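# Observations on chain architecture
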Protein chains: 2
Amino acid sequence: MSADLSSHLSGLRFTVDYHLTGTEAETRANAEVLCIEQTVEAPLEILPAGPIREQVLGRVENFTSCAACRHEAVISYPVELLDGTCAQLLNVVFGMSSLKPSIRLARLHLPDEILKGWPGPRFGRAGLRRLVGVPQRPLVCGVLKPLGLAPADLAELAYQFALGGVDLVKDDQGLADHSFCPFEERVARCVEAVARANQETGRICLYVPHVTGPWEALRRRSLFAKQAGAGGLLICPGLVGFDTLRDVARDEAIALPIVSHPALLGSFIVSHESGLAPSVVFGQLPRLAGADASIYPIYDVGYAVSREDCRVVAFAAAEPMGALKPIFPTAAGRMGLDRAREMSELYGSEVLFILGSGLQRHEEGLVKACRTFVDLVARFSQQPAKA
Amino acid sequence: MSADLSSHLSGLRFTVDYHLTGTEAETRANAEVLCIEQTVEAPLEILPAGPIREQVLGRVENFTSCAACRHEAVISYPVELLDGTCAQLLNVVFGMSSLKPSIRLARLHLPDEILKGWPGPRFGRAGLRRLVGVPQRPLVCGVLKPLGLAPADLAELAYQFALGGVDLVKDDQGLADHSFCPFEERVARCVEAVARANQETGRICLYVPHVTGPWEALRRRSLFAKQAGAGGLLICPGLVGFDTLRDVARDEAIALPIVSHPALLGSFIVSHESGLAPSVVFGQLPRLAGADASIYPIYDVGYAVSREDCRVVAFAAAEPMGALKPIFPTAAGRMGLDRAREMSELYGSEVLFILGSGLQRHEEGLVKACRTFVDLVARFSQQPAKA
């Protein structure tokens, strides 16, 4: 048996950075427990001698203090535990440790041999830029709100956004398939409205409907949206699992850009001593799953996200990761003209901005306010980013 | 438009209890913000007069102080925002608030009119008891570990557990479809081994393989398990979404008991000031989705779960909830003979115990140790539970 297991293990391992809170003695002990609980999850005494102990078990590859009471352990696992799905990746790296109060998953390091099995984003930054015909400046996205409006009203709003020169118009994630705003009617009307505006402007704005739901409904909605002429899809992986997003991204019958929304994902980041780092949950995971843009909140709007978090998510969205395309960090949270400069300087030009709905009541009118916002971020993003 | 929306809203609302941390002034303000962010997610100024303001918006129905710096707000939403899926339920009640550091979802209250649309558990406690022929005592489940063993070795372990008189034998959630332990071979061998033991004991032990994966793989594995003669399925809703569990529970071609596993769900409970209460994530949600048993950790084994948490999850697993069947709170975490009395007294007889793998090395041998454990919990569970 042991010989047989050995023949299945290549010796190649991948590593994960964990931040551990506590004294050095506590955190060293916790790192050793983590190696067990994330793999064999059994007392060492019951492990047979040989490859289970020597290779299947997690292994502490490095242990450093990074600040008072916070330690970083780099732990490795055999690549053969993975199977190319987000479910199994998260299971191996954090399934049981999610229940621990002082362990945070800080970063995934997957070797190229493993990343080969992850196609990732179909479009990525360059692909999305080609679709909307905008080679350089930040992209801008309007949102169809509030929940409660009828499809015709949302379509009128979509028309105005598109006339204002935004690159995408997306559904609010609160829009589902409600009796007062049925999915298919909404999609048909908004596609038509955006196409009409595009004819007037000569530009290309994409309409991105929200398709989150159980797998069958989500796929049916995605295919309907594709047929109807939608330009992308909005999916909440926190509500349906990252593999659902992955499966849509790989689906040749759909083949649309995917915008990931953070609904319910906040619980992974709110406690700084546990859960997943924002760069993992809003950067590495959506990119691995195949999102082309990943929405997360900006700072100073009441969410548990700091300016530094925004910066590191943006970094994770584009850092070298096998052949995976860089994706758009997508900054959201009541963004109006007042924050255009600050955010453009932080992100530079490689960002997608979600407009706050306050713009609907802007004194200039929505169309003009959108134009002003696009102009401002185009201009300010040329300034060097401040660290 | 407004008139049209009104005609879609019945006036029936469901309520959710939230725990808010902060001063009374802060938490009252946060409750009002929550009403907005979970529904229209837009400044009040852009809302048209009429039913969006009057009915779609969340509404604070009650606000009480429950302890220093912790306040409880009961907030209602129109039932028409829901669609019978877990994704939309979680979206409406906690999608954006998950990103807030001081808001915890404490309890869902769904009216019977809504619960009619949720079939919930197919078997529940009574159904699972009928399947294994055990009318009264706690049920007991062995686990196939450690990861790294070949199917033949796991099958031998399953045989011994079943010979020892446990009611279920489940895969460890670490077992996927690895080259060194392929899913189909494991299932076929374990089903055969448990059936052989059942013939010897004259009892009925169910084998419960782990089927978590992206929807297509999960459904294929579930159907294979059903065909092969497995007695239940182990699913991790934290990895694949609660609707995936729901869809399997409703699937007439599968129709097997479902055991829910907490992998990755820990991040929702680790911070006491944010996320979801354990009774929601391990009690209400798995039950709504259709799990027949919900695994969560016992206290004092290093996980962020208290004795009181264990008690309230068990309560949520059985409290009146429309026509939904009560399910088994399923207590796990290195449980050996040493904790049989304490846990039986806490839970009484309506519990499923997961045996710790330490029992594999028990001096009496695994088969005898299982028998002893089953006898002990049968006896001690007859004592009145201590509060």
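Residues numbered from 1 in each chain as written. Chains lettered and ligands numbered in written order. Predicted model: local features only at pLDDT ≥ 70, side-chain atom pairs only at ≥ 80, totals over all residues. Heavy atoms only, no water.

## What about the pairing of strand S3 (residues 70-78) of chain B?
Residue and element names in this part refer to chain B. Burial analysis of S3 places seven of its nine residues in the buried class, the great majority of the element. Pairing between strand S1 (residues 13-21) and S3: nine bridges, direction antiparallel. Bridging from a neighbouring strand, Phe-14 pairs with Tyr-77 of S3. The pairing of strand S2 (residues 59-67) with S3 spans seven bridges and is antiparallel. Along S3, the bridge assignment pairs Arg-59 with Ser-76. (Buried < 20%, exposed > 50% of the residue type's maximum accessible area, 1.4 Å probe, protein only. Helix = DSSP H or I, 4+ residues; strand = E, 2+ residues; numbered from the N terminus. Pairing = 2+ DSSP bridges.)

## A short note on the environment of B:Ala255
Residues and elements named next belong to chain B. Considering the arrangement of structural elements, one finds Ala-255 in the loop between helix H11 (242-250) and strand S9 (258-260). The spatial distance from the C-alpha of Ala-255 to the C-alpha of Gly-232 is 8.7 Å, given a sequence separation of 23 residues. Setting aside chain neighbours within four positions, we find Ala-255 in contact with Arg-122, Phe-123 and Lys-226. (Contact = heavy atoms within 4.5 Å.)

## Focus: helix H8 (residues 183-201) of chain A
Residues and elements named next belong to chain A. Compared with the 27 Å implied by 1.5 Å per residue over 19 residues, the 27 Å span of H8 between its first and last C-alpha is a close match. Listed as buried for H8 are Phe-183, Arg-186, Val-187, Cys-190, Val-191, Ala-193, Val-194, Ala-197 and Asn-198. The inward-facing, buried residues of H8 contact strand S5 (139-144), helix H7 (151-163), strand S6 (168-171), strand S7 (206-208) and helix H9 (215-228). Once H8 ends, the next one or two residues include Gly-202, with phi positive near 75°. (Expected span 1.5 Å × (residues − 1).)

## What to know about the packing of helix H7 (residues 151-163) of chain B against helix H8 (residues 183-201) of chain B
Two packed helices can be described by the angle between their axes and the distance between those axes. Residues and elements named next belong to chain B. Where H7 contacts H8, the two axes come as close as 8 Å, and the packing angle between them is 25°. As far as their axial angle goes, H8 and H7 are roughly parallel. The element H7 and its partner H8 pack so that their crossing is right-handed. Here H7 contributes Pro-151, Ala-152, Leu-154, Ala-155, Ala-158, Tyr-159, Ala-162 and Leu-163 to the contact with H8, which in turn contributes Glu-185, Arg-186, Arg-189, Cys-190, Ala-193, Val-194, Arg-196, Ala-197, Glu-200 and Thr-201. For the contact of H7 with H8, the residue count by class is 12 nonpolar, one polar and five charged. (Axes fitted to C-alpha atoms, helices over the stretch in contact; angles between N-to-C directions. Parallel < 35°, antiparallel > 145°, perpendicular 65-115°, else oblique. Left-handed = near helix turned anticlockwise from the far one by under 90°. Nonpolar A, V, L, I, M, F, W, Y, C, P; charged D, E, K, R; others polar.)

## Quick word on the sheet that holds S2(B)
Two strands in a sheet stick together by hydrogen bonds in their backbones, pointing the same way (parallel) or opposite ways (antiparallel). Residues and elements named next belong to chain B. Pairing within the open sheet is mixed, and its five strands lie in the order S2-S3-S1-S4-S10. Strand pairing shows two members of the sheet lacking a second neighbour, S2 and strand S10 (275-276), which therefore form its edges. Where S1 and strand S4 (residues 103-109) come together, six bridges link them in antiparallel fashion. Each bridged residue has a counterpart across the sheet, and for Val-16 the counterpart in S4 is Leu-108. With respect to the sheet, helix H2 (residues 24-37) is in contact with S1, S2, S3 and S4, its orientation differing from that of S2 by roughly 150°.

## Considerations on helix H4 (residues 86-94) of chain A
Among the nine residues of H4(A), nine are classified as buried, and the element is accordingly described as predominantly covered. Every buried residue of H4(A) is accounted for by A:Cys86, A:Ala87, A:Gln88, A:Leu89, A:Leu90, A:Asn91, A:Val92, A:Val93 and A:Phe94.

## Observations regarding the sheet that holds strand S8 (residues 233-235) of chain A
All names here are of chain A. An order of S7-S6-S5-S13-S12-S11-S9-S8 is seen for the eight strands of this open sheet, with the pairing classed as parallel. Two strands close off the open sheet at either side, each with one partner strand: S7 and S8. Strand-to-strand, the axes of this sheet are offset by a mean angle of 25°, without reference to chain direction. Note: strand S11 (residues 293-297) against strand S12 (residues 328-332), five bridges, orientation parallel. By the bridge assignment for S12, Tyr-296 is matched with Ala-331.

## Observations concerning the packing of aromatic side chains
Residue and element names in this part refer to chain A. Inspection of every chain in the model, using the stated rule, returns 11 aromatic pairs over all chains. Ring centres of Tyr-347 and Phe-353 lie 6.2 Å apart, and the angle between their planes is 80°; on these two criteria the pair is classed as edge-to-face. The same class applies to Tyr-347 and to Phe-353, which are both buried. Linked through ring pairs, Tyr-347, Phe-353 and Phe-373 together constitute an aromatic cluster. For Arg-221, the ring lying beneath its charged end belongs to Phe-183, and the centroid distance is 5.9 Å. (Phe/Tyr/Trp six-rings, centres within 6.5 Å; stacked < 30°, edge-to-face > 60°. Lys NZ or Arg CZ within 6 Å of the ring centre and 35° of its normal.)

## Observations concerning the interface of chain A and chain B
The partner chain B presents 80 residues to the 80 residues of chain A that form the contact. When chain A packs against chain B, close to 6,500 Å² is buried across both sides, 63% of that on carbon and sulfur atoms. Broken down residue by residue, the surface that chain A buries against chain B is led by A:Leu99, A:Leu264 and A:Tyr303, which jointly contribute 10%. Across the chain A-chain B interface, the total number found is four salt bridges. A salt bridge links B:Glu37 to A:Arg334; the nearest nitrogen and oxygen atoms lie 3.3 Å apart. At the boundary of chain A with chain B, the tally comes to 28 residue pairs in polar contact (both at pLDDT 80 or more). (Buried area = accessible area lost by both parts, 1.4 Å probe. Salt bridge = Lys/Arg side-chain N within 4 Å of Asp/Glu carboxyl O. Polar contact = N/O pair within 3.5 Å; in protein donor to acceptor, adjacent residues only side chain to side chain.)

## Here's the deal with the state of the cysteines
Enumeration over the complete set of coordinates arrives at zero disulfides over all chains. Cysteine A:Cys181 shares no disulfide, and the gap to the nearest cysteine sulfur, in A:Cys190, comes to 7.5 Å. On the accessibility criterion, A:Cys181 (1% relative accessible area) is buried. Left unpaired, B:Cys86 is separated from the closest cysteine sulfur, that of A:Cys236, by 14 Å. Judged by relative accessible area, which is 1%, B:Cys86 ranks as buried. (Disulfide = S-S within 2.5 Å.)

## Some details on the confidence of the model for chain A
Across chain A, the average pLDDT comes to 96, with 98% of residues at 70 or higher. The ipTM assigned to the predicted complex is 0.97, against a pTM of 0.97. (pLDDT = per-residue confidence, 0-100.)

## Focus: the nonpolar core
Ranked by size, the top nonpolar core spans 253 residues in total, and within it A:Tyr18, B:Tyr18 and B:Val93 carry the most contacts. Ranked by residues supplied to this core, first place goes to helix H15 (residues 366-380) of chain B with nine residues. If we ignore the near neighbours within four places in the chain, the residues touching B:Tyr18 are B:Leu34, B:His71, B:Glu72, B:Ala73, B:Ile75, B:Tyr77, B:Val93, B:Phe94, B:Ile103, B:Arg104, B:Leu105 and B:Ala106. (Core = buried A, V, L, I, M, F, W, Y, C linked by side-chain atoms within 4.5 Å.)

## Considering the relation of the copies chain A and chain B
Expressed as a screw transformation, the operator carrying chain A onto chain B has a rotation angle of 180° and an axial translation of 0.0 Å, and the superposed copies differ by an RMSD of 0.0 Å. The superposition operator between the copies reduces to a two-fold rotation axis. Residue A:Gly241, judged by its C-alpha, is the member of chain A lying nearest the rotation axis, at 2.5 Å. Looking at the interface residues of chain A, 100% of them are also at the interface in chain B, so both copies use one shared face. (Least-squares fit on C-alpha atoms with pLDDT ≥ 70 in both.)

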